[in-house]
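Residues per chain are reported as follows:
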Amino acid sequence: GESVGLHLPTLSVQEGDNSIINCAYSNSASDYFIWYKQESGKGPQFIIDIRSNMDKRQGQRVTVLLNKTVKHLSLQIAATQPGDSAVYFCAWPPSGSARQLTFGSGTQLTVLP
Amino acid sequence: SAVISQKPSRDICQRGTSLTIQCQVDSQVTMMFWYRQQPGQSLTLIATANQGSEATYESGFVIDKFPISRPNLTFSTLTVSNMSPEDSSIYLCSVVGYTDTQYFGPGTRLTVL
């Protein structure tokens, strides 16, 4: 796998607002996508995943949307809380069966009080 | 989810020396991987740790620089050999269990002087 991009986009939201984090992926053959949250000084934490036969999946306060036509993922966080401040990465395996992940460049989410 | 530990959690090393990082998981897993995360960047896959055989390395990574062992289903080591300051990174192991979800360890923060 390869990482994509060297710059870390940032997103600042007010506490209680909804957050939308976007990701463009490069491999049209990928059939599985994952969002990870990485807090400072920690390893990435699994948030939610989605398979390519779905265009939407909901979890607790999070929703992932998949648009295969334009190879785009988004992560929506409802009622953003201070504990949501972290770097968020999307990731995907480069082929249908492999699990060696390619990671997006990540987005730094900062929740403002 | 699998509980993954890494040792050491951080280290400061001299140029030209080598460091071996250990990854231990609390349950048997199907796949184990090693990733590198350079400061402020995304994750890049180094290699797949194969049980009882040589690791499978990604483009740009070689066995002489990053020897990997995986003697059983729950343990792996990554050695960073002949270190230079450019090797300063976070090194992360990850595992895939029978649910197909990939989980990450807490990372080892390496600084090379």
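Our subject is the structure listed above.
1. Section: the packing of aromatic side chains
Tallying each qualifying case throughout the model produces 13 aromatic pairs over all chains. Between Tyr 25 of chain A and Trp 92 of chain A the ring centres are 6.1 Å apart and the planes differ by 55°, which places this aromatic pair in the tilted class. Of this pair, Tyr 25 of chain A sits in the loop between strand S2 (19-24) and strand S3 (32-38) while Trp 92 of chain A sits in strand S8 (residues 86-92), and the two are 67 residues apart along the sequence. Using a relative accessible area of 6% as the deciding quantity, one classes Tyr 25 of chain A as buried. Geometrically, the ring pair formed by Tyr 36 of chain A and Phe 46 of chain A is edge-to-face, given 6.3 Å between the ring centres and 80° between the ring planes. One end of the pair, Tyr 36 of chain A, is in strand S3; the other, Phe 46 of chain A, is in strand S4 (residues 45-51), and 10 residues separate them in sequence. Accessibility expressed as a relative area gives 22% for Phe 46 of chain A, which makes it partly exposed. Joined through ring pairs, the aromatic side chains of Tyr 36, Phe 46, Phe 89 and Phe 103 of chain A together with Phe 33, Tyr 35, Tyr 103 and Phe 104 of chain B make up one cluster.

2. A closer look at the interface of chain A and chain B
Listed as interface residues are 20 residues of chain A and, on the opposing side, 22 residues of chain B. Contact between chain A and chain B buries roughly 1,700 Å² in total, counting both sides, with carbon and sulfur atoms accounting for 50%. Here chain A is connected to chain B by zero salt bridges. Looking at side-chain class alone, the side of chain A that touches chain B contains eight nonpolar, eight polar and four charged residues.

Definitions and cut-offs
Residues numbered from 1 in each chain as written. Chains lettered and ligands numbered in written order. Predicted model: local features only at pLDDT ≥ 70, side-chain atom pairs only at ≥ 80, totals over all residues. Heavy atoms only, no water. Phe/Tyr/Trp six-rings, centres within 6.5 Å; stacked < 30°, edge-to-face > 60°. Helix = DSSP H or I, 4+ residues; strand = E, 2+ residues; numbered from the N terminus. Buried < 20%, exposed > 50% of the residue type's maximum accessible area, 1.4 Å probe, protein only. Contact = heavy atoms within 4.5 Å. Buried area = accessible area lost by both parts, 1.4 Å probe. Salt bridge = Lys/Arg side-chain N within 4 Å of Asp/Glu carboxyl O. Nonpolar A, V, L, I, M, F, W, Y, C, P; charged D, E, K, R; others polar.

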